[in-house]
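The residues making up each chain are set out below.
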Amino acid sequence: MTGDLLKIAYSPCPNDTFVFDALAHGRVDGAPGLDVTFADIDITNGMAERGESDVLKVSYAVLPYVLDEYALLPCGGALGRGCGPLVLTRETGSGDAALAPGGAGLTGRTVAVPSERSTAYLLFRLWAAEQVPGGVGEIVVMPFHEIMPAVRDGKVDAGLVIHEARFTYREYGLHKLADMGEHWESTTGLPIPLGAIIAKRSLGAPVLTRLADSIRASVRAAWDAPDVSRPYVMEHAQEMDPAVADQHIGLYVNEFTADLGEDGYAAVRGLLTRAAAEGLLPPLGPGALDFP
């Protein structure tokens with residue numbers, strides 16, 4: 001902590017700035033103050049593994065590596081339906097760059113991903129294990145906003161994209177090869193767990209409970225008066241079209257953001273248990289997901 005402020009790191013993406021606007025600007029009664037750092041998910045995942053912040057937005061896939069030091073908060077994160085990562089290639093018919101439809105087209109190919117510890121990449125690995133005979137080729141990590149230009153320009157064969165790329169990939173002349181969320185939902189019936197909010201266990205149960213209550217209040221405030229959060233959202237939205245920002249928020253801020261609930265926790269356990277069974281992640285310890 002910095003004085004009485006909690007050090008927190010989350011992305012500049014519209015869903016995070018929408019969720020945390022009221023809390024970050026002192027408009028939630030009784031809430032702890034925040035010292036905010038903006039960082040891409042690959043950066044915050046690494047920060048969590050090094051214990052560098054009190055509160056972090058991270059990929060669910062990083063939880064098995066950090067839950068000794070951090071607790072999963074039951075709110076503030078990103079889960080949902082119809083919001084999974086996409087595998088993109090250049091448009092079908094664009095010469096040598098075009099890949100065969102389905103997973104077979106990725107065999108031996110170079111794929112850009114936003115983080116090797118991201119939930120997107122974990123969902124991709126679970127999908128590829130079933131759908132890509134012989135496996136993909138080289139995996140290249142790059143910031144998510146660089147992936148679509150890299151695919152368009154032929155620097156990589158395919159890209160795994162997240163966030164607003166779901167709405168904008170056609171503007172880059174790209175083609176959706178597969179939807180990781182559709183695969184996850186069709187095989188599990190569960191929502192797609194993407195991003196989690198975690199906080200240091202050393203803060204103590206009273207502070208963690210206060211923080212969770214404050215995040216819920218911040219979410220409700222944003223829903224009740226969305227125009228109030230718009231300046232904060234657009235300030236950090238990297239020149240995003242306001243309509244795309246609204247779509248982004250509508251997709252990733254939902255009932256699971258206010259509270260994980262039974263289905264949310266089932267989705268998280270399901271993802272991490274399945275990944276551990278495939279040898280992709282360490283197994284969770286007993287009670288690892290319990291909130292103080």
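For the structure given in this document, a descriptive report is provided here. Everything quoted here is computed from the prediction, not taken from an experiment.

1. Focus on the packing of helix 9 (residues 226-235) against helix 10 (residues 242-252)
With their axes 11 Å apart at the nearest point, helix 9 and helix 10 run at an angle of 105° to one another. As summarised for this structure, helix 9 and helix 10 are arranged roughly perpendicular, according to the angle between their axes. Note on element contacts: helix 10 touches helix 9 through Pro242, Ala245, Asp246 and Ile249, opposite Arg230, Val233 and Met234. Here the contact of helix 9 with helix 10 is composed, by residue class, of five nonpolar, no polar and two charged.

2. Regarding the packing of aromatic side chains
If you walk through the whole model with that rule in mind, you get five aromatic pairs. A centroid spacing of 5.5 Å and a plane angle of 90° characterise the contact between tyrosine 10 and phenylalanine 38, whose relative ring orientation is edge-to-face. Pair noted here: tyrosine 10 is in strand 1 (residues 5-10) and phenylalanine 38 is in strand 2 (residues 33-38), with a separation of 28 residues, a long-range link. Ring geometry for tyrosine 121 and phenylalanine 124: centres 6.2 Å apart, planes at 20°, overall stacked. A residue pair is termed a helical-turn pair when its members lie 3 or 4 positions apart in one helix, as tyrosine 121 and phenylalanine 124 do in helix 4 (residues 119-131) at three residues. Exposure class is identical for tyrosine 121 and phenylalanine 124. Each is buried. Members of the aromatic cluster, connected to one another through ring pairs, are Tyr10, Phe20, Phe38 and Tyr232. When the ring centre of tyrosine 65 is taken as origin, the NZ or CZ atom of arginine 117, which lies over that ring, is 3.7 Å away.

Parameters at a glance
- Residues numbered from 1 in each chain as written.
- Predicted model: local features only at pLDDT ≥ 70, side-chain atom pairs only at ≥ 80, totals over all residues.
- Heavy atoms only, no water.
- Axes fitted to C-alpha atoms, helices over the stretch in contact; angles between N-to-C directions.
- Helix = DSSP H or I, 4+ residues; strand = E, 2+ residues; numbered from the N terminus.
- Parallel < 35°, antiparallel > 145°, perpendicular 65-115°, else oblique.
- Contact = heavy atoms within 4.5 Å.
- Nonpolar A, V, L, I, M, F, W, Y, C, P; charged D, E, K, R; others polar.
- Phe/Tyr/Trp six-rings, centres within 6.5 Å; stacked < 30°, edge-to-face > 60°.
- Buried < 20%, exposed > 50% of the residue type's maximum accessible area, 1.4 Å probe, protein only.
- Lys NZ or Arg CZ within 6 Å of the ring centre and 35° of its normal.

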